[in-house]
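Architecture at a glance
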Number of protein chains: 2
Amino acid sequence: MKIRLLLGVFLLFGFTSVAQSQKTLNLMPVPQKMDIKEGKLYIDSTFRLAIQGKPDQRIYSAATRFLRRLDEQTILWFKQDQVNHTDRDSKALLQINVQKPGKIQLKEDESYQLEIGTDKIQLNAATEIGAMYGMETLLQLLEADEKGFYFPQVSIKDNPRFAWRGLMIDVVRHWIPYEVIIRNIDAMLAVKMNVLHLHLTDDQGFRVESKVYPKLHEKGSNGKYLTQEQLKDIVKYAADRGIRVVPEFDMPGHASSWFPGYPEYASAPGTYQVETKYSHFEPAPTMDPTNEALYPFIDAFIQEMTHIFPDEYIHIGGDENRGLQWDANPKIQEFKKKNNLHSNMELQTYFNGKLQKILAKYGKKMMGWDEILEPGISKDIMIHSWRGKHSLTEAAQKGYPVIISSGYYVDLLFDVKDYYLNEPLEESHDLTPEQLANVYGGESAMWGEIVSAETIDSRAWPATAAIAERLWSPKEIRDVKDMYRRLEITSNRLEFLGLTHNKNYEVMLKRLTNGADITALKTFVDVVEPMKELSRRKQGITYYTYTPLTMVVDAARPDSKVAREFTWLVEDFIQKPTQELGNQIKEHYHLWSENHFKLQETMKVAPAIREIEPVSANLARLSVIGSQLVDYILAKSAGKLKPKNRMDYDKADKLTDEMRFMVKPRGNVEFIKIIDSTKKLLTYAVD
Amino acid sequence: MKIRLLLGVFLLFGFTSVAQSQKTLNLMPVPQKMDIKEGKLYIDSTFRLAIQGKPDQRIYSAATRFLRRLDEQTILWFKQDQVNHTDRDSKALLQINVQKPGKIQLKEDESYQLEIGTDKIQLNAATEIGAMYGMETLLQLLEADEKGFYFPQVSIKDNPRFAWRGLMIDVVRHWIPYEVIIRNIDAMLAVKMNVLHLHLTDDQGFRVESKVYPKLHEKGSNGKYLTQEQLKDIVKYAADRGIRVVPEFDMPGHASSWFPGYPEYASAPGTYQVETKYSHFEPAPTMDPTNEALYPFIDAFIQEMTHIFPDEYIHIGGDENRGLQWDANPKIQEFKKKNNLHSNMELQTYFNGKLQKILAKYGKKMMGWDEILEPGISKDIMIHSWRGKHSLTEAAQKGYPVIISSGYYVDLLFDVKDYYLNEPLEESHDLTPEQLANVYGGESAMWGEIVSAETIDSRAWPATAAIAERLWSPKEIRDVKDMYRRLEITSNRLEFLGLTHNKNYEVMLKRLTNGADITALKTFVDVVEPMKELSRRKQGITYYTYTPLTMVVDAARPDSKVAREFTWLVEDFIQKPTQELGNQIKEHYHLWSENHFKLQETMKVAPAIREIEPVSANLARLSVIGSQLVDYILAKSAGKLKPKNRMDYDKADKLTDEMRFMVKPRGNVEFIKIIDSTKKLLTYAVD
């Protein structure tokens, strides 16, 4: 009650984000239902947990990990070591009760209820998967004050909005080793995601060991592949965290890496190499669907993979096949005619049909990118929407199960808020309730063209945490500022767990300065962002798989906190141009204009950062203008404006426009938010 | 010639460390012979390498890695991709010539010659191992100026002083997973180390998979063990970098983890558990050497291990066996009498003899900690000296091959300079040249009681780089300040390679502040050090394997740069008490005294750091005194001293002494260098 009263007061004064934080605490994703009470439950070294009910064995290692993490955070030195089935003491502070063992499969019951009272914490769940989520929630609830560590007294009823909440990792385009996948699984559980989709084969590599056809990985991977033991270990590690693993073997296109070992299954004769480029190799090597020998080959490979991947789904890719090799092959043309296949898409659907039968033989369901949604394709195929939300709606309407990655491509480096606000189901959709049930969820998609093991976390995270919330929490949870508040906390916690998205930042800056002081470089890189939408690849520069990913643009973060908060500051200032806000803005501008000279000094001994010189110079120039604009606005609102000042407008306007479109070869970082904010000041000043 | 002239000038002005840097550049370890010329060889995107001669295949992947690392550092975007045997272009800038394939074995030829001329780099080596070292040297030589990246023109002839340059990693006491070992292998090659010694079994875990006796790892490891595939992969990864892998299976003591699965081989009946403590479990579980069934058991296990570890040496531990289980077992006592074995040591030597025969059967040589050096032990056993240098001398004199880890226990958290100056062969040794040849080298020893995967790098490194130099470079290279100069550069480079010794620091501080600002905590932790010599375990507190290692003491660095440089500053000031130096010292003191209040604010929301409150308070009190002392000294040297100031001495002296010996339960950090420096100021002030 008191909380509600307090909320009211805050709202009166416009403290919406404080009010929001009262509702969301530091949780990400936000639970379905939460009732926050007044009290605090303090913990000390006597903290113990007990497990009742009938959970799967995996609960015990999960509970042990929970204990260790809580102890690492509080350093209370708990007495309890490994948790096992004998830990049933009804006096333990944390009581976990699980109804039945969970299965690592789509649509398993993942719900849990968490009740933190005055002297007891009760965590109930249908399965141990829900219990694991409850433990993650509990870790997120931990707070501290002068008396010590405590859990706020809350009552939570929680379950996911969508059953499929995934992260796709492309381990092909750049080699992403085992340990990166492992640490990402830990992170996934922390934000209640439940599907790891591994993109295992593509033009640039065949990254899974095959014992049946060893030439696949031997000739198709430059020695960089996941062994079957590693993959089994990944599957177990994931299952122990409630996470399914869906493997993807991209067919019939994106398939170059199958052919160095087995050229006979390509649609053109010759020898094949693993691709080192990402495009411009049309006609792209493609499987020959008319070759009857292809199907037993795929059959034996799929059979082998079913021993590694227990999940009911296998993703067969199916995307971006233009079929130019097919067009050039008279035998294939003849086959199309003979079988009444009028287009390459129809030929691919023919191929998909054969593929689906192979999968079905091993009890597997097929899944593919939305291109496969063509007449004639079977209804139990999961469609993976990526080319736009229309394919989600279309699939659902036609009765196909569907998940969405459109709008969740984290490699495109959009702001977190863009991913966050990407609602799978727009208000305007006209799906029936039955059709709605076909929408299973979505996946954050971490494509690998422009990431390395060093940078991948900083592209996938923390954005993926926001996507996880979109897929778990009520649709109505969309307060952007509160999301960013919680995201920063979540981001730190994910690093405690082992992710590297922040900690590799300064290491990369140090490499760039060649050992020199990084202060000026950091000031610069803190405020810029890599170009959105993979634009760096659209500038006529060819990237190879071996192009170094250690540039300023690789270190720069996709959603600069400095730039974002500067934007907010300018918005506040335009709402109410006070001297104090004006000074804060000018401090930033001053920092950036002065920084350029310092950065030039660093450049003398750091050739690797010289290409950003024009960008830094422009930022400095813009900052001078911005600073004058603040003065202008302050003078104007104080009624002290001199008329001649109005002359600045055209020049400044032209300059900001130029900056927006300037060519940034290789350097590839931009400060578009600072340009936009400065433009806002300009517009406001002139109006 | 000009350099020599310049050197002379520097020396005249006392710039010894600049002069030193002219001789050592940024290299670690320093080469045996180096002639630095004047010119610079600039590189650009056309940089290519070619490989001539008859190397082992591993040179090609090594050369590819070299190319990628050089390109990552320079972002010149080299055109050359994977290097292979066709890369023999005599016009390539870097010419590598290798005489013959190297073998990954003790005493292989590791020498190389590197000649950087005006338009060509020639790297010659007997084997590709030497060539790999030459490439590491080349990477370390990379410098930059306003014109771009260049290599200084030098002529280097290099080979190691000792043939055995190792790092021992204890993966038992705390579980150290595969990827940590992998990144440490990369680091080892970067500083030209060639032996990875894996301590695989101990009381707290049996961390190697056995297919012959699966209960060993299944019951002895809590599921945390290296699989055979992982170990084979580690062996291959190491061999590809010129590094041998020596496995250690500790016997007959330190053996608790063998017995949960196979209690019948212990010296006392009963059931056994993996230990969770590090001591206080006497009588320690020990193998029963009188049980004839033990030897076939060990035989089959060793045979299995020989399929994983190709190296000629197997380390059998043999340390710290008091034999209390033997004393308590009448059957064993009877056996001793019957066989005329007068002590437990003699019984262990009997056991070792049997063990050695088993190893010999599989073509393996035995190695053990220096306790095994007892009458009757065979002459081809490698002695691993750890209890003091006397055992090195003793072994060498008696004709045993020997390596040393005494003085290289990096878990004891001594200053890097202490490890660095730990010369294996004192001037006073009276070894004949023949006996000297028995000394093969040494190993940095990273014991695992108080490290986790998160902290291990920060304990092993960068200290191990200094040890690597001690074992590689001429004995005369021992300039401490120049070592620290190069160490900092080396330390950064090791992080670029993947080590985490610096980058986990702030992550740990953030965890400690529970999300609050870390500035004040960082100021504090930057200047303190964890207690040396594992003293935190000597304070009557029991550490378990599951005690959290996320405390301030775990984040604190063993050799604080701030404290070290403060010490130097005070030394300089005492040499010449100028106002400028005095101000610099006072700035530090001021920072620390003010910091205490800021840190108290942080503590309000960060219970995990409250236990350091008294330490921070003492640092603040000391800083006030120190600051007064500086004023006193300045006044004194300016002849402006008032006599009453002399009264400060006793109080200040007493206080610093108290601080030195104050109890630091759990908190475990100290600022002994600041106390010592302040005491120096005190002594100087009073004199």
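Thresholds applied
- Residues numbered from 1 in each chain as written.
- Chains lettered and ligands numbered in written order.
- Predicted model: local features only at pLDDT ≥ 70, side-chain atom pairs only at ≥ 80, totals over all residues.
- Heavy atoms only, no water.
- Helix = DSSP H or I, 4+ residues; strand = E, 2+ residues; numbered from the N terminus.
- Buried < 20%, exposed > 50% of the residue type's maximum accessible area, 1.4 Å probe, protein only.
- Contact = heavy atoms within 4.5 Å.
- Areas by Shrake-Rupley, 256 points an atom, 1.4 Å probe, with all protein chains shown as cover.
- Lys, Arg positive; Asp, Glu negative; His and termini not counted.
- Charge placed at Lys NZ, Arg CZ, Asp CG, Glu CD.
- Domains from an automatic or database assignment.
- Buried area = accessible area lost by both parts, 1.4 Å probe.
- Salt bridge = Lys/Arg side-chain N within 4 Å of Asp/Glu carboxyl O.
- Patch = residues over 30% accessible without salt bridge, like charges linked within 9 Å, V, L, I, M, F, W, Y side chains within 5 Å.
- Least-squares fit on C-alpha atoms with pLDDT ≥ 70 in both.
- UniProt positions renumbered as here; feature names shortened; annotations may be inferred.
- Polar contact = N/O pair within 3.5 Å; in protein donor to acceptor, adjacent residues only side chain to side chain.
- Nonpolar A, V, L, I, M, F, W, Y, C, P; charged D, E, K, R; others polar.
- Pairing = 2+ DSSP bridges.
- Right-handed = clockwise from strand over helix to strand, strands pointing away.
- Expected span 1.5 Å × (residues − 1).
- Phe/Tyr/Trp six-rings, centres within 6.5 Å; stacked < 30°, edge-to-face > 60°.
- Lys NZ or Arg CZ within 6 Å of the ring centre and 35° of its normal.
- Axes fitted to C-alpha atoms, helices over the stretch in contact; angles between N-to-C directions.
- Parallel < 35°, antiparallel > 145°, perpendicular 65-115°, else oblique.

**Quick word on the overall build of chain A**
- When helices and strands are tallied, chain A shows 25 helices and 18 strands.
- Along the three orthogonal principal directions, the C-alpha set of chain A runs to about 85 × 70 × 55 Å.
- Relative to its full complement of 687 residues, chain A shows a buried share of 62%.
- Intrachain contacts of chain A at a sequence separation of at least 6 include 75% that bridge at least 24 residues.
- Here chain A displays about 26500 Å² of accessible surface, and carbon together with sulfur accounts for 52% of that area.
- Looking at charge distribution, chain A has the averaged site of its 89 positive side-chain charges lying 2 Å from that of its 94 negative ones.

**Overview of the domain arrangement of chain A**
All names here are of chain A.
- Annotation of chain A at the domain level lists domain 1 (33-158), domain 2 (164-501) and domain 3 (504-686).
- Centre-to-centre, using C-alpha coordinates, domain 2 lies 36 Å away from domain 3.
- Summing the contributions of domain 2 and of domain 3, the shared interface buries around 2500 Å²; its carbon and sulfur component is 57%.
- In terms of surface lost to domain 3, no three residues of domain 2 exceed Leu413, Ile450 and Glu454, which account for 26% of the buried area on that side.
- For the pair domain 2 and domain 3, the interface holds 4 salt bridges.
- Here lysine 561 makes a salt bridge to glutamate 488, at a shortest N to O gap of 3.0 Å.

**Quick look at a positive patch on the surface**
- Residues Lys211(A), Lys232(A), Lys211(B) and Lys232(B) make up a contiguous surface patch of positive charge.
- Within the fold, Lys232(B) resides in helix 7 (residues 228-239).

**What to know about the relation of the copies chain B and chain A**
- Each copy superposes on the other: chain B lies on chain A with an RMSD of 0.0 Å after a rotation of 180° and an axial shift of 0.0 Å. Read as a symmetry element, the transformation amounts to a two-fold axis. Taking the C-alpha atom as reference, chain B places Lys503(B) closest to the rotation axis, 2.8 Å from it.

**Some points on the UniProt feature "domain: Glycoside hydrolase family 20 catalytic" (unreviewed entry) in chain A**
- UniProt's feature table lists "domain: Glycoside hydrolase family 20 catalytic" (unreviewed entry) at residues 162-474 of chain A, given in the numbering used throughout.
- What you have in residues 162-474 of chain A is 35% helix and 16% strand, and the ends, taken at the C-alpha atoms, are 10 Å apart.

**Some thoughts on the interface of chain B and chain A**
- The partner chain A presents 51 residues to the 51 residues of chain B that form the contact.
- Of the roughly 4600 Å² buried at the junction of chain B and chain A (both faces included), carbon and sulfur atoms supply 57%.
- On the chain B side of the interface with chain A, the three residues burying the most area are Ile75(B), Trp77(B) and Tyr546(B), jointly 17% of the side's total.
- Counting across the interface, chain B meets chain A through 0 salt bridges.
- Inspection of the chain B/chain A interface yields 22 residue pairs in polar contact (both at pLDDT 80 or more).
- At the level of elements, helix 3 (58-74), strand 6 (143-145), strand 7 (148-158), helix 7, helix 17 (480-497), helix 18 (503-512) and helix 22 (579-605) of chain B are the ones that each hand at least two residues to the side of chain B that touches chain A.
- Taken together, the residues of the side of chain B that touches chain A sort by class into 16 nonpolar, 15 polar and 20 charged.

**Some points on the pattern of salt bridges**
Residue and element names in this part refer to chain A.
- Summed over the entire model, instances satisfying the criterion amount to 93 salt bridges over all chains.
- Among the salt bridges present, the one from aspartate 554 reaches arginine 536, with a minimum N-O distance of 2.8 Å. On the criterion of sequence distance, the pair formed by aspartate 554 in helix 20 (residues 552-555) and arginine 536 in the loop between strand 17 (529-530) and helix 20 is long-range, its members being 18 residues apart.
- The class for aspartate 554 is buried, based on a relative accessible area of 1%.

**Some thoughts on the pairing of strand 16 (residues 439-446) of chain A**
Residues and elements named next belong to chain A.
- Among the 8 residues that make up strand 16, 8 are buried, leaving the element largely enclosed by the rest of the structure.
- Pairing between strand 8 (residues 164-170) and strand 16: 6 bridges, direction parallel. Bridged to leucine 167 within strand 16 is serine 444.
- One ladder, built from 3 bridges, connects strand 15 (residues 402-404) with strand 16; its direction is parallel. Looking across to strand 16, one finds that valine 402 is bridged to valine 439.

**With respect to the pairing of strand 3 (residues 94-98) of chain B**
Residue and element names in this part refer to chain B.
- In terms of residue burial, strand 3 counts as a mostly covered element, since 4 of its 5 residues are buried.
- Judged from the 5 bridges that link them, strand 2 (residues 49-53) and strand 3 form a sheet pairing that is parallel. Residue pairing in the sheet places glutamine 52 in a bridge with asparagine 97 of strand 3.
- Once the chain exits strand 2 it traverses helix 3 before rejoining the sheet at strand 3, and the crossover so formed is left-handed.
- Alignment of strand 3 against strand 5 (residues 121-125), held across 5 bridges, turns out to be parallel. Of the residues in strand 5, the one forming a bridge with glutamine 95 is glutamine 122.

**Concerning unusual backbone geometry**
- Cis rather than trans, the peptide bond between Met251(A) and Pro252(A) has omega equal to -5°.
- You can see Pro252(A) is positioned in the loop between strand 11 (244-251) and helix 8 (294-306).
- Cis geometry marks the peptide bond from Glu282(A) to Pro283(A), where omega comes out at 0°.
- Residue position: Pro283(A) is located in the loop between strand 11 and helix 8.
- Phi at Lys192(B) is positive, roughly 60°, even though this residue is not glycine.

**Focus on the environment of Arg660(A)**
All names here are of chain A.
- Here arginine 660 is to be found in helix 24 (residues 648-661).
- Sequence-wise, arginine 660 and lysine 354 are 306 residues apart; in three dimensions their C-alpha atoms are separated by 50 Å.
- With near-sequence residues (within four places) excluded, arginine 660 lies in contact with Ile672, Ile675, Asp676 and Lys679.

**Here's the deal with the environment of Asn97(B)**
Residue and element names in this part refer to chain B.
- Along the chain, asparagine 97 falls in strand 3.
- Spatially, the C-alpha atoms of asparagine 97 and glycine 53 are 5.3 Å apart, while their sequence positions differ by 44 residues.
- When neighbours within four sequence positions are excluded, asparagine 97 is seen to be in contact with Gln52, Gly53, Gln122, Leu123, Asn124 and Ala125.

**Some thoughts on helix 23 (residues 613-637) of chain A**
- When the terminal C-alpha atoms of helix 23 of chain A are compared, their 36 Å separation across 25 residues agrees well with the 36 Å that a helix rising 1.5 Å per residue should span.
- After helix 23 of chain A finishes, the residue Gly639(A) shows a positive phi value of roughly 70°.

**A short note on the packing of aromatic side chains**
- If you walk through the whole model with that rule in mind, you get 56 aromatic pairs over all chains.
- With 5.5 Å between their ring centres and 45° between their planes, Trp369(A) and Trp447(A) make a pair best called tilted. Here Trp447(A) lies in the loop between strand 16 and helix 15 (456-460) and Trp369(A) lies in strand 13 (residues 365-369), a separation of 78 residues in the sequence. Neither Trp369(A) nor Trp447(A) differs from the other in exposure class; each is buried.
- A centroid spacing of 5.2 Å and a plane angle of 70° characterise the contact between Trp258(B) and Phe301(B), whose relative ring orientation is edge-to-face. Of this pair, Trp258(B) sits in the loop between strand 11 (244-251) and helix 8 (294-306) while Phe301(B) sits in helix 8, and the two are 43 residues apart along the sequence. As far as the burial class goes, Trp258(B) and Phe301(B) line up, both buried.
- Taken together, Phe206(A), Tyr213(A), Phe249(A), Trp258(A), Tyr262(A), Tyr265(A), Phe297(A), Phe301(A) and Phe309(A) form an aromatic cluster joined through their ring pairs.
- One residue, Arg564(A), lies across the ring of Tyr484(A), its end atom 3.8 Å from the ring centre.

**Considerations on the packing of helix 10 (residues 330-338) of chain B against helix 11 (residues 344-361) of chain B**
All names here are of chain B.
- Two elements in contact, helix 10 and helix 11, have axes whose closest approach is 11 Å; the angle formed by their N-to-C orientations is 80°. Put simply, helix 10 runs roughly perpendicular to helix 11. Note on element contacts: helix 11 touches helix 10 through Asn344, Leu347 and Tyr350, opposite Ile332, Phe335 and Lys336.
- A class-by-class count of the residues in the contact of helix 10 with helix 11 yields 4 nonpolar, 1 polar and 1 charged.

**With respect to the side chain of Lys673(B)**
All names here are of chain B.
- Tracing the chain through its elements places lysine 673 in helix 25 (residues 672-686).
- Lysine 673 gets classed as buried once you look at its relative accessible area, which sits at 12%.
- Reaching out from lysine 673, the side chain makes a polar contact with the side chain of glutamate 529 at a distance of 2.5 Å.

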